[in-house]
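# Architecture at a glance
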Amino acid sequence: MSDEPGLTPATVAVTAGRPPHDPDQPLNVPITMASTYVAAGDLEYGRYANPTWTAFEDTLGALEGGRCLAFSTGMAAVLTVLDLVGLGAKVVLPRHSYQGSLMAVADLESRGRITSELVDIEDTAAVVAACQDAALVWIESPTNPALEVADIPAIVAAAHEAGAVVVVDNTFATPLLQQPLTLGADIVVHSATKYIAGHSDALLGALVTADDELHAVLLGRRSLTGNTPGTLEAWLALRGLRTLHLRVERAQANAQALLPRLEAHPAIAEVRYPGFGGIVAIVLAEGELAADLLVRKTKLWVHATSLGGVESTFERRRRWKSESPSIPVGLVRMSVGIEDVEDLWTDLVTALDTLTNAG
Ligand SMILES: *Cc1c(COP(=O)(O)O)cnc(C)c1O
């Protein structure tokens, strides 16, 4: 049994969510394409359940230490959680949350559904103060793309004292580098589109909770709204999960090898790194223009949004009108992939050098 306590995450990632080891059983869960099932069983209808989703959910749930539900996208999972908030109740969230989460909260607030307070998630005292009258405390750590890190246990304690539900968007850290449920959080959110699926080919979201009542509520919401995952996407994400530990390990090692070189380069004014993981943010000394030039001058690094794939990608975040104005215009978020780090550096430094030579 792969969800037995005591197994390391690498073993869980490989062995959870498998068919039983019986003769003629496939090693991998099949892609079950079904809108309905013969009656009187546990599944009944395709909007309620699917064995391929379940295999993915069992694996991610085992890694996070709770029960997982897969959703069509990360945003479907985000909106499902925000929908738990009572009419007019307050949501606390980081001012540098993922822009989609910020936009969703602003939209709900503009329609009078909820109220919100934006916080600097690294200013624990301010977050604790904001928790006092909150119904939901949203943590993203590290934040996207500012890479700020929250004191999760301290915020959880204050939020729970105020009777608030604590949610952690764990997309950047993955369950291998941070397990929010073990730190006291009530719900973990994932854009499984990113590291979990890991190959830039599928959209998927997930929620994980160790609270059976919350799980039942969230499952009920998914069944009603139909924010259900595609079967193929769930299968692809499960395929991705099998190597999550190897990919995260390599991406992190590559990122940490690049850090001192980036810091030493004259075209770069600032390097941000949360201390773990494969995402680095650099701020170009010459600002917006230099950043826009850099992302067009590389051959290996792909200019693209999103992150957490095997391939190295980067983008100037403020090219999005919806990105927070407190993110520097010359900030480039880098999702370091699993390629050879010397090849990655050669490609990058060649492009960076043209900036300083031209300037
Ligand atoms: C991408 C992302 C989301 C949204 O997920 P989608 O799968 O794109 O809907 C939510 N949170 C974070 C931190 C993300 O990076």
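- The protein goes by Trans-sulfuration enzyme family protein in an unreviewed UniProt entry, where it is assigned to Nocardioides plantarum.
- For the record of the protein, the UniProt heading Sequence similarities (unreviewed entry) holds the text "Belongs to the trans-sulfuration enzymes family."

## Digging into the pairing of strand 8 (residues 268–272)
- Pairing of strand 8 with strand 9 (residues 279–284), which is carried by four bridges, proceeds in the antiparallel orientation. Bridging across to strand 9, V271 finds its partner in I282.

## A short note on the layout of surface pockets
- Space inside the second largest pocket adds up to approximately 260 Å³.
- Elements that contribute at least two residues to the lining of the second largest pocket include exactly helix 3 (74–82) and strand 6 (187–191).
- The element that contributes the greatest number of residues to the lining of the second largest pocket is helix 3, accounting for three residues.
- Split into classes, the residues belonging to the lining of the second largest pocket amount to seven nonpolar, eight polar and three charged.

## Structural notes on the domain arrangement of the protein
- When its domains are assigned, the protein resolves into domain 1 (9–242) and domain 2 (245–358).
- Taken residue by residue, the interface counts 29 residues in domain 1 and 28 residues in domain 2.
- With both sides pooled, the region where domain 1 packs onto domain 2 buries about 2400 Å², and carbon together with sulfur makes up 63% of that total.
- Contact with domain 2 buries surface across domain 1, with Q99, P145 and Y195 losing the most and accounting together for 29% of the total.
- At the boundary of domain 1 and domain 2, one finds zero salt bridges.
- Counting across the interface, domain 1 meets domain 2 through eight residue pairs in polar contact (both at pLDDT 80 or more).
- Within the residue set of the side of domain 1 that touches domain 2, elements represented by two or more residues are helix 1 (9–15), helix 4 (99–110), helix 7 (174–177) and helix 9 (231–241).
- Tallied by class, residues from the side of domain 1 that touches domain 2 come to 17 nonpolar, nine polar and three charged.

## Things to note about the site of the ligand
- Inspection of the region around the ligand gives 13 residues, with M75, D169, S191, T193 and K194 positioned closest.
- Within the backbone of M75, one N or O atom sits 2.9 Å away from an oxygen atom of the ligand.
- At 2.7 Å, a side-chain N or O of K194 approaches an oxygen atom of the ligand.
- When the free accessible area of the ligand is taken as 380 Å², the share hidden by the protein chains comes to 93%.
- Cavity membership is defined here by more than half of the atoms lying within 2 Å of grid points; on that basis the ligand lies in the second largest pocket.
- Class assignment for the residues of the shell around the ligand results in four nonpolar, six polar and three charged.

## Quick notes on the packing of helix 2 (residues 51–64) against helix 9
- Following both chains from N to C, one finds helix 2 and helix 9 inclined at 35 degrees, their axes separated by 8 Å at the closest point. Seen from above, helix 2 lies across helix 9 with left-handed handedness. Residue-level inspection shows T52, W53, A55, F56, T59, L60 and L63 of helix 2 in contact with helix 9, the latter providing T231, A234, W235, A237, L238 and L241.
- Partitioned by chemical class, the residues of the contact of helix 2 with helix 9 number ten nonpolar, three polar and no charged.

## What about the packing of aromatic side chains?
- In total, this model carries two aromatic pairs according to the counting rule given.
- The interplanar angle of 75 degrees and the centroid separation of 5.7 Å between the aromatic rings of Y45 and Y48 together place this pair among those described as edge-to-face.
- Judged by relative accessible area, which is 41%, Y48 ranks as partly exposed.
- The cationic tip of K194 hangs over the ring face of Y98; the distance from NZ or CZ to the ring centre is 5.2 Å.

## Brief notes about the side chain of Q252
- In this fold, Q252 is placed in helix 10 (residues 244–264).
- A polar atom in the side chain of Q252 sits 2.7 Å from the backbone nitrogen of G277.
- Aside from chain neighbours lying at most four places away, what touches Q252 is L177, Y273, F276, G277 and G278.

## Describing the nonpolar core
- Ranked by size, the top nonpolar core spans 33 residues in total, and within it F56, L60 and L241 carry the most contacts.
- When contributions to this core are tallied by element, the ones reaching two or more residues are helix 1, helix 2, strand 1 (67–71), strand 7 (205–209), helix 9, helix 10 and strand 9.
- Among the elements that make up this core, the one with the highest residue count is helix 2 (four residues).
- Formed jointly, this core draws a minimum of three residues from each of two domains, domain 1 (9–242) and domain 2 (245–358).
- Leave out the neighbours within four places in its chain, and F56 touches C68, A70, A192, I196, L204, A206, A234, A237, L238 and L241.
- Membership of the second largest hydrophobic core comes to 28 residues, among which are L284, V349, A351 and L355.

Thresholds applied
Residues numbered from 1 in each chain as written. Predicted model: local features only at pLDDT ≥ 70, side-chain atom pairs only at ≥ 80, totals over all residues. Heavy atoms only, no water. UniProt positions renumbered as here; feature names shortened; annotations may be inferred. Pairing = 2+ DSSP bridges. Helix = DSSP H or I, 4+ residues; strand = E, 2+ residues; numbered from the N terminus. 1 Å grid on protein atoms, 1.4 Å probe; cavity = no way out; pocket = protein on both sides within 12 Å on 5 of 7 lines; lining within 4 Å. Points joined across faces, edges and corners; volume = space filled by probe spheres on them. Nonpolar A, V, L, I, M, F, W, Y, C, P; charged D, E, K, R; others polar. Domains from an automatic or database assignment. Contact = heavy atoms within 4.5 Å. Buried area = accessible area lost by both parts, 1.4 Å probe. Salt bridge = Lys/Arg side-chain N within 4 Å of Asp/Glu carboxyl O. Polar contact = N/O pair within 3.5 Å; in protein donor to acceptor, adjacent residues only side chain to side chain. Near = heavy atom within 4 Å. Areas by Shrake-Rupley, 256 points an atom, 1.4 Å probe, with all protein chains shown as cover. Sits in = over half its atoms within 2 Å of the grid points. Axes fitted to C-alpha atoms, helices over the stretch in contact; angles between N-to-C directions. Left-handed = near helix turned anticlockwise from the far one by under 90°. Phe/Tyr/Trp six-rings, centres within 6.5 Å; stacked < 30°, edge-to-face > 60°. Buried < 20%, exposed > 50% of the residue type's maximum accessible area, 1.4 Å probe, protein only. Lys NZ or Arg CZ within 6 Å of the ring centre and 35° of its normal. Core = buried A, V, L, I, M, F, W, Y, C linked by side-chain atoms within 4.5 Å.

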